[in-house]
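The primary structure of each chain is shown beneath.
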Amino acid sequence: MVVGVMQFDLHLPGAESLKDKRRVVRSVKDRLHREHQVSVAEVSHHDTITLARLGLAAVATDGKRVADVLDKITNRLSALTDAQLGAADRQLLHSGGELRFDDDRDPEDAMAETEDIAAEMLARFDDADMTLGDKP
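Quick caveat: nothing in here was measured; it's all calculated off a predicted structure. (Residues numbered from 1 in each chain as written. Predicted model: local features only at pLDDT ≥ 70, side-chain atom pairs only at ≥ 80, totals over all residues. Heavy atoms only, no water.)

Asks: I'm lost on the overall build of the protein chain in this one. Help?
Replies: In terms of helices and strands, the protein chain carries 3 helices and 5 strands. Reading the helices (α) and strands (β) of the protein chain from amino to carboxyl end gives β-α-β-β-α-β-β-α. Within the protein chain, the proportion of its 136 residues that are buried is 32%. Contacts in the protein chain between residues far apart in sequence, at least 24 positions, make up 65% of those at least 6 positions apart. Taken as a whole, the protein chain presents about 8,700 Å² of accessible surface, with 51% of it coming from carbon and sulfur. (Helix = DSSP H or I, 4+ residues; strand = E, 2+ residues; numbered from the N terminus. Buried < 20%, exposed > 50% of the residue type's maximum accessible area, 1.4 Å probe, protein only. Contact = heavy atoms within 4.5 Å. Areas by Shrake-Rupley, 256 points an atom, 1.4 Å probe, with all protein chains shown as cover.)

Asks: Explain the packing of helix α1 (residues 18-36) against helix α2 (residues 63-78) here, please?
Replies: When two helices pack together, their arrangement is captured by the angle between the axes and the distance separating the axes. For the pair α1 and α2, interaxial distance at closest approach is 12 Å and the crossing angle is 145°. Between α1 and α2 lies a crossing of right-handed hand. Contacts between α1 and α2 involve Val 28, Arg 31, Leu 32, Glu 35 and His 36 from the former and Val 69, Lys 72, Ile 73, Arg 76 and Leu 77 from the latter. Considered class by class, the residues forming the contact of α1 with α2 number 5 nonpolar, 1 polar and 4 charged. (Axes fitted to C-alpha atoms, helices over the stretch in contact; angles between N-to-C directions. Left-handed = near helix turned anticlockwise from the far one by under 90°. Nonpolar A, V, L, I, M, F, W, Y, C, P; charged D, E, K, R; others polar.)

Asks: Help me understand the pattern of salt bridges, please; the structure alone is not making it clear to me.
Replies: Side chains that differ in charge, positive against negative, can pair when their charged atoms come close. Under the criterion given, the structure shown has 6 salt bridges. Its salt-bridge partner being Glu 42, residue Lys 21 comes within 3.2 Å of it at the nearest N-O pair. Taken together, the positions of Lys 21 in helix α1 and Glu 42 in strand β2 (residues 39-44) put the pair 21 residues apart, joining distant regions of the chain. Residue Glu 35 is joined to Arg 76 by a salt bridge in which the shortest nitrogen-to-oxygen separation is 3.1 Å. Taken together, the residues Glu 35 in helix α1 and Arg 76 in helix α2 connect sequence positions 41 residues apart. The exposure class of Glu 35 is partly exposed, given its relative accessible area of 40%. (Salt bridge = Lys/Arg side-chain N within 4 Å of Asp/Glu carboxyl O.)

Asks: What's the story with the confidence of the model for the protein chain in this structure? I'm lost.
Replies: As a general rule, the predicted coordinates of low-pLDDT regions are not to be interpreted in detail. Of all residues in the protein chain, 70% have pLDDT values of 70 or greater, and the mean over the chain is 82. Across residues 128-136, confidence stays below pLDDT 50; counting only partners more than four residues off in sequence or on other chains, it has 6 contacts. (pLDDT = per-residue confidence, 0-100.)

Asks: Teacher, can you tell me more about the nonpolar core here?
Replies: Nonpolar side chains in soluble globular proteins generally cluster together in the buried interior. Grouped together as the largest cluster of nonpolar side chains are 25 residues, with contacts concentrated most on Leu 32, Leu 56 and Leu 77. Look past the residues within four positions of Leu 56 in its chain and what remains in contact with it is Gly 4, Val 5, Met 6, Phe 8, Leu 32, Val 38, Ser 39, Val 40, Leu 70 and Ile 73. (Core = buried A, V, L, I, M, F, W, Y, C linked by side-chain atoms within 4.5 Å.)

Next comes the structure, spelled out in structure tokens:
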């Protein structure tokens, strides 16, 4: 099993309110989920009108399939008319605990970043006081 994780920035120069931003972000999230069967969420810059940071995850049986999906998503995001693709970071997590990266980062630094993200997700889960069976 391979899990592909991607974080990317969307610049929204035409957004004049948080409502404008949320409309574009929701549209992008829904389209990516529908067309590529990935999970997508806004993960940062919630109150910044002209910037959104989104994260997505894709799961497949092999790394080639995940890389192909992430490539298609990157191409799709580059062609957006309501937003411009900014910085993007991709990671592939392979079963067995091996971590491989598509960029030249030091694996120890990348692992620390991944652990920080996981800790933040768990903290938010605990703060929400939810169990796995609860619905938001």
